[in-house]
Amino acid sequence: MQKVLIDKFIVPEESIAPFLERSRKVQSFIKTLPGFIEGFLYEKKDGESGYNYVTTAVWESEEAFDNARKAVAAEFKRLGYDPQETRKELKIESERAVYERAPY
């Protein structure tokens, strides 16, 4: 069963450029990992939600998803990058959830 990681962000205007730069770097890295199917960065242009950016990453299986989480954590540690600290510094609010594709 595919796993889909969806992150939603509220990014203040002054933090958009560094947020987008970091998001693109993370997306570039995860696209190289085994089991990655697709991922996108979306910018809200209309609607009522306060979230103005959404990222998605689709993994072919729970095993691929778990391995990717470990690989990303190791890469962040190697780079000295702390995503929680960066979000705090940039005043970015976020919400994360893992989904499975549901038949419809």
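Before going into details, it helps to say that this report is about the structure given with it. On a predicted model such as this, the values are computed, not experimentally measured, just so you know.

**Focus on helix 2 (residues 62–79)**
Here's step 1: Relative to the 26 Å expected for 18 residues at 1.5 Å per residue, helix 2 spans 26 Å between its end C-alpha atoms, a close match to the ideal helical length.
Here's step 2: All of the buried residues along helix 2 are Ala64, Phe65, Ala68, Val72, Glu75 and Phe76. The buried residues of helix 2 occupy one face: seen down the axis, they fall within an arc of 100°. In helix 2, those exposed residues whose orientation departs by more than 90 degrees from the buried face are Glu63, Lys70, Lys77 and Arg78.
Here's step 3: Buried residues along helix 2 sit in contact with strand 1 (3–10), helix 1 (16–30), strand 3 (53–59), helix 3 (83–90) and strand 4 (93–100).
Here's step 4: Looking at the residues trailing helix 2, positive phi occurs at glycine 80, about 70°.

**Considerations on the sheet that holds strand 1**
Here's step 1: If you walk across this open sheet you meet the 4 strands as 2-3-1-4, and the pairing is antiparallel. Either end of the sheet is taken by a strand with one partner, and the two such strands are strand 2 (36–43) and strand 4. Recorded for the sheet is a direction-independent mean angle of 10° between the axes of neighbouring strands.
Here's step 2: Looking at chain direction, strand 1 and strand 4 are connected through 8 bridges and run antiparallel. The partner of leucine 5 across the bridge, within strand 4, is valine 98.
Here's step 3: In this fold helix 1 packs onto strand 1, strand 2 and strand 3, with an angle of close to 5° to the strand it touches most, strand 3.

**Comments concerning the pattern of salt bridges**
Here's step 1: Scanning the entire structure with this criterion turns up 8 salt bridges.
Here's step 2: Between lysine 25 and glutamate 21 there is a salt bridge, with its nearest N and O atoms 3.4 Å apart. Taken as a pair, lysine 25 and glutamate 21 lie in helix 1 at a separation of 4 residues, close to a single helical turn.
Here's step 3: On the basis of relative accessible area, glutamate 21 is assigned to the partly exposed category, the value being 46%.
Here's step 4: With its nearest N and O atoms 2.9 Å apart, the salt bridge here joins glutamate 75 to arginine 78.

**Let's talk about the packing of aromatic side chains**
Here's step 1: Under the counting rule described, the total for this entry stands at 5 aromatic pairs.
Here's step 2: Aromatic side chains phenylalanine 19 and tyrosine 53 sit 5.2 Å apart centroid to centroid with 50° between the ring planes, which places their arrangement in the tilted category. Of the two residues, phenylalanine 19 sits in helix 1 while tyrosine 53 sits in strand 3, which places them 34 residues apart along the sequence.
Here's step 3: With a relative accessible area of 6%, phenylalanine 19 lands in the buried category.
Here's step 4: Through successive ring pairs, a cluster of aromatic residues spans Phe9, Phe19 and Tyr53.
Here's step 5: Above the plane of the ring of tyrosine 51 lies lysine 8, whose end atom (NZ or CZ) is 5.1 Å from the centre.
Here's step 6: The ring of tyrosine 81 has arginine 22 sitting right over it, with the charged end atom 4.0 Å from the ring centre.

Reading the values: rules and limits
Residues numbered from 1 in each chain as written. Predicted model: local features only at pLDDT ≥ 70, side-chain atom pairs only at ≥ 80, totals over all residues. Heavy atoms only, no water. Helix = DSSP H or I, 4+ residues; strand = E, 2+ residues; numbered from the N terminus. Expected span 1.5 Å × (residues − 1). Buried < 20%, exposed > 50% of the residue type's maximum accessible area, 1.4 Å probe, protein only. Arc of directions from axis to C-beta. Contact = heavy atoms within 4.5 Å. Pairing = 2+ DSSP bridges. Axes fitted to C-alpha atoms, helices over the stretch in contact; angles between N-to-C directions. Salt bridge = Lys/Arg side-chain N within 4 Å of Asp/Glu carboxyl O. Phe/Tyr/Trp six-rings, centres within 6.5 Å; stacked < 30°, edge-to-face > 60°. Lys NZ or Arg CZ within 6 Å of the ring centre and 35° of its normal.

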